[in-house]
Amino acid sequence: KNTFPTRHAASHLPTVLNYLVTNTDRIPLMSVATRLEDGCTGLKAGYPCGENPINIVSLSLACSGLALVMVFWLMRKLKSYERGTDEMNKLSDKIQSGARAFLTTEYKYLSAFVLLVFSVLLVIYTVDPPTGKYNGGDGDRIDGIRAGSCFIAGAILSASAGWAGMMVATDANVRTTQAADKQGLSVALRVAFTGGAVMGFTVVGLGLLGVSLFFYLMTINRDTYSNDFGWTDSGTLIAAVDSLASFGFGASSIALFARVAGGIYTKAADVGADLVGKVEMDIPEDDPRNPAVIADNVGDNVGDVAGMGADLFESFVGSIIAAATLANGDAIKVALPFWIAGAGIVASVIGFFAVGTKDGASQRQLLFALHKGVILSSVFVLGFSAIIISQLFDHDSKEGWKLFACIAIGLVAGILIGQATEYYTSYSFWPTQSITQAGVTGPATVIIQGIGIGMVSCVGPVLIIVSTILGCNALSGQYGIAMAAVGMLSTLGVTLATDAYGPIADNAGGIAEMAVLEERVRETTDALDALGNTTAATGKGFAIGSAVLTSLSLLAAFKDKAGLTVVDIGDPVVLSGALFGAMLPFLFAALTMLSVQKAAGAIIIEVRRQFSQIEGLREGTAEADSDKCVAISTQSSVEEMILPGVYAVLSPLIVGLLIGPKCLTGMLGGSIASGMMLAIMMANAGGAWDNSKKYIEIEGACGGKGTTVHKACIVGDTVGDPFKDTSGPSLNILIKLMSMISLTIAPIIRGWEDWEFWYWGLLPIGLCLIATVLVHHFY
């Protein structure tokens, strides 16, 4: 009886013993004995350890419903704000049409990829079911359908979240401009933030709904012995969570392609518009005479709204999947990440209503206005988490409060990473101001200073992440680290709202300029835009930090599922994998940077052509052909996303199948370490370059607009654009995607020795070579 967690559970002992005696041919006794020592194993009766696994996800399903109700309410609230003049509506409709055309084209390409991977998963896991690897039997042939359906669901929900957020953002931009014109800064901030909140609550609502619902569906028709007792069997939970790895794989795939293609699109248009418009033609930013301006504004939405939404959708569900996997069938620990994520939605709803400011607010006051929502949400998450822990861990309060500490550490770490990022990217602080001062001696020193600031900005986030990992590992091991990631992402509803707000404010300023509204309107939108640059940089820092914690948790889960106990970094096979993995983020960043240069070159040529051939365009008496630039950006970005995506998907397959699980573990560790450094450096350097230009334009530093210092900082901003909006943000998806793919294939390579089945690795190598040749030939 001492092995049972509660007195009520111990009352089942006669039934258990009788079942064991009469069914010795069906039950592995050691397995049962081991499970009885866990915190919420098969024999604990009552919520959430009842016979129906729906109890485990009941709270998360209810809270995801709340998030979706919040989305509909926010959309109705947004519709209550005026859209503005006919000219403003025309511009907004052009932006929305361009964004819709891009996503439609991108999703057509991705649908073929999704169907191909679905077919592969269906065949592989039907022929060689993962369940057979663990119980020594033939496994369940339905595993193929389970893995394929989870993959399809993850991909569809991720794409849907990006589409919904983008459509609302392209509607909120003109309403923000109108509010800035007629009602002032405070209302304009509220409108833009409302539009961003739709993205935030759509991501958490669809993400938690999908992962909770499919967890329950994956428990249905599992042929496990424990159901004869009427309790939730740990084997059922383990098998159900294993299937969710494919859900994360689907979400990661869409996130990678959406982020890469969206980033190439937005920065190709941005670089082309800035270099020809502001530098060569000496016309203002977002001037309607510039043919690339509409494409630039479209890019803000497809990159920073749809792309970032898909990115954090994957982090959100990935952290839950990683924690549930590391729970190893303990129903309480499986339930905890679902419940904490649900509580975070409720806290985010409360935090949303705390955001607000006054007219004439400074940048610091505007930042505080957004921080209020995040901080208040974090406080409520801590309160809700304490209640959840007290209810779930009544049998072992010591372990419960250790996990509470991990959740709190994750929350605080997310806030601190945001603060560190803000310090290095906001023009209110010395690092960004120093870049502006470097412009006195020309663009070269602006670039040198920016790279240096980006490198040194890695120190703070790394120390925070390392402290989080060590602290949570000491408290509750690898599961504690996974719960820190869940805690960090629990307030994603309001955190993502502050990030998605940025491109809405940027678009609002573009519409004000193109519609030739009064200067005071542009001043208001510029203040919101500068704030948006900082929140975007903060959001990228938060995304990188959460990606690292999630990836580490997925790496631990992969090790467990691949049957690895100890991995020696001194082993040449492991070290070779680490070196190869450390190279991959640099290759990926290089490919995306080169893609931006290629696509931007096409935009520059087109803009120059229109200025030279369309009579009256320079004088403003003729209209630019913006549709041509939108078409170029769309086609270029979709074509250029193929090769980086292929390498990202196939790299873990090559290493895992060719060499083995030990080398793949090293590869994941190396990619996480180098990917984090490179992502932080590129995102923060780019954000600082951007705001060094805004410091001149808004605060009038170094003589204000039109000076040589301003032009030098524009060059720095142009270099920083692909850093912060294409290559940098894509790297956190890269490390998550490779970790999720590795977890998906872990049952296949479980128990493999080094080079044991090397010939299977030739298949992904061949696919890589074929894709490389075809892309270079056709594109």
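You'll find the structure just up there.
Predicted model, so just to flag it, every value in this text is computed and none were measured.

What counts and how
- Residue indices begin from 1 for each chain and proceed along its sequence in written order.
- Totals for whole chains, interfaces and linings use all residues, but because this is a predicted model, local features are given only for residues with pLDDT of at least 70 and pairs of side-chain atoms are given and counted only at 80 or more.
- Neither water nor hydrogens contribute to the side-chain values; these are computed over all heavy atoms in the structure.
- A helix here means a DSSP run of H or I that spans at least four residues, while a strand means a run of E at least two residues long, and both kinds are numbered starting from the N terminus.
- Whether two residues touch is decided by their heavy atoms; if any such pair falls within 4.5 Å, the residues are in contact.
- Values of accessible area rely on a 1.4 Å probe in the Shrake-Rupley scheme; residue burial ignores everything except the protein chains shown.
- Residues are said to line a cavity or pocket when one of their atoms sits within 4 Å of a point; the points come from a 1 Å grid over protein atoms alone, cavities being sets where a 1.4 Å probe fits but cannot get out and pockets being open sets with protein on both sides within 12 Å along at least five of seven lines.
- Grid points are joined across faces, edges and corners, and a volume is the space filled by probe spheres set on the points.
- Side-chain classes follow a simple rule in which Ala, Val, Leu, Ile, Met, Phe, Trp, Tyr, Cys and Pro form the nonpolar group, Asp, Glu, Lys and Arg form the charged group, and the remainder, Gly included, forms the polar group.
- Pairs were defined over the aromatic rings of Phe, Tyr and Trp, the Trp ring being its six-membered one, requiring ring centres within 6.5 Å. Orientation was assigned from the angle between planes: stacked under 30 degrees, edge-to-face over 60, tilted for the rest.
- Our definition puts a charge over a ring when NZ of Lys or CZ of Arg is within 6 Å of the ring centre and also within 35 degrees of the ring normal.
- Partly exposed describes any residue whose relative accessible area lies between the buried limit of under 20% and the exposed limit of over 50%, with all areas from a 1.4 Å probe on protein chains only and scaled to the type maximum.
- What a helix should span is 1.5 Å times the count of its residues minus one.
- Only the stretch in contact is used when fitting a helix axis, every axis being a line fitted to C-alpha atoms; angles between N-to-C directions are given from 0 to 180 degrees.
- Each angle is binned into one of four classes, with values under 35 degrees roughly parallel, values over 145 roughly antiparallel, values of 65 to 115 roughly perpendicular, and all other values oblique.
- The sense of a crossing depends on the near helix, which, turned anticlockwise from the far helix by less than a right angle, makes the crossing left-handed and, turned clockwise, makes it right-handed.
- Residues enter patches when they are more than 30% accessible in relative terms and free of salt bridges; like-charged ones are connected within 9 Å and nonpolar ones (Val, Leu, Ile, Met, Phe, Trp, Tyr) within 5 Å.
- The salt bridge definition used is simple: a Lys or Arg side-chain nitrogen within 4 Å of an Asp or Glu carboxyl oxygen.
- Here, the term nonpolar core denotes a set of buried Ala, Val, Leu, Ile, Met, Phe, Trp, Tyr and Cys residues that are joined through side-chain atoms within 4.5 Å.

Asker: In this structure, what is going on with the overall build of the protein? I would like to understand it.
Answerer: When you go through the protein residue by residue, the secondary structure sums to 24 helices and zero strands. Across the protein, every contact between residues at least 6 apart in sequence was considered, and the portion connecting residues at least 24 apart equals 84%. If you sum the accessible surface of the protein, you get close to 26600 Å²; carbon and sulfur atoms cover 64% of it.

Asker: In this structure, what is going on with the layout of surface pockets? I would like to understand it.
Answerer: If a probe as big as a water molecule is rolled over the atoms, it shows which places are left empty. Size it by volume and the largest pocket reaches roughly 1200 Å³. Around the largest pocket sit 37 residues that line it, and Leu-116, Val-120, Leu-650, Leu-653 and Leu-767 are the ones nearest its centre. Every element with two or more residues in the lining of the largest pocket is listed here: helix H5 (86–127), helix H9 (234–280), helix H21 (642–658), helix H23 (708–749) and helix H24 (762–778). Ranked by residue count, the leading element in the lining of the largest pocket is H5, at 10 residues. Of the residues in the lining of the largest pocket, the class split is 33 nonpolar, two polar and two charged.

Asker: How do you make sense of the packing of aromatic side chains when you look at a structure like this?
Answerer: Two descriptors summarise a pair of aromatic rings, namely the distance from one centre to the other and the angle between the planes of the rings. In the structure shown here, the tally under the stated rule is 20 aromatic pairs. Geometrically, the ring pair formed by Tyr-423 and Phe-429 is tilted, given 5.5 Å between the ring centres and 50° between the ring planes. An aromatic cluster is present here, built from Trp-752, Phe-757, Trp-758, Tyr-759 and Trp-760 joined pairwise through their rings. Across the ring face of Phe-352, the terminal group of Arg-190 is positioned such that the distance to the ring centre comes to 5.0 Å. Taking the ring centre of Tyr-479 as reference, the NZ or CZ of Lys-333 above it sits at 5.4 Å.

Asker: Would you mind going over the side chain of Asp-690 with me for this structure?
Answerer: Here Asp-690 is to be found in helix H22 (residues 661–699). Under the relative-accessibility criterion, Asp-690 is labelled buried at 7%. In this view, Asp-690 contacts Asn-533, Asp-717 and Lys-724; residues no more than four positions away in its chain are not counted.

Asker: Mind showing me how you'd approach helix H18 (residues 519–561) here?
Answerer: An α-helical turn contains 3.6 residues, so any two residues separated by three or four positions project in the same direction. With 43 residues, H18 ought to run about 63 Å at 1.5 Å a step, and its terminal C-alpha atoms sit 61 Å apart, in line with that. Within H18, 37 of the 43 residues are buried, which leaves the element mostly enclosed by the surrounding structure. Residue Gly-563 follows H18 closely and has a positive phi angle near 80°.

Asker: Explain the packing of helix H13 (residues 397–425) against H18 here, please?
Answerer: A pair of packed helices is characterised by two quantities: the angle between their axes and the separation of those axes. Packing of H13 against H18 leaves a shortest axis separation of 8 Å and a crossing angle of 135°. Judged by the inter-axis angle, H13 sits oblique to H18. As for how H13 packs across H18, the hand of that crossing is right-handed. Every residue of H18 that contacts H13 at Gly-414, Ile-417, Gly-418, Thr-421, Glu-422 and Thr-425 is listed here: Thr-534, Ala-537, Thr-538, Gly-541, Phe-542 and Gly-545. Of the residues that constitute the contact of H13 with H18, the class distribution is three nonpolar, eight polar and one charged.

Asker: Could you clarify how one ought to interpret a nonpolar patch on the surface in this entry?
Answerer: On the surface, Tyr-109, Leu-763, Leu-767, Ile-770, Leu-774, Phe-778 and Tyr-779 cluster together into a nonpolar patch covering about 690 Å² of accessible area. The leading source of residues in the nonpolar patch is H24, at five residues. Structurally, Tyr-779 is set in the segment after H24. What makes Tyr-779 partly exposed here is its relative accessible area of 32%.

Asker: When you look at the environment of Leu-552 in this model, what are you seeing that I'm missing?
Answerer: Its place among the elements puts Leu-552 in helix H18. When the C-alpha positions of Leu-552 and Leu-668 are compared, they lie 8.8 Å apart, and in sequence the two are 116 residues distant.

Asker: How do you make sense of the nonpolar core when you look at a structure like this?
Answerer: Side chains that are nonpolar tend, in soluble globular proteins, to be buried together. Counting residues in hydrophobic clusters, the biggest one holds 233 residues, and the most contacted among them are Phe-201, Phe-215, Phe-247 and Leu-336. A total of 22 residues in this core trace back to one element, the largest contributor, which is H9. Those residues in contact with Leu-336, other than ones at most four positions away along the chain, are Ile-388, Ile-389, Leu-392, Phe-393, Leu-403, Tyr-479 and Met-483. Residues Leu-591, Tyr-647, Ala-771 and Val-775 belong to the second largest nonpolar core, which totals nine residues.

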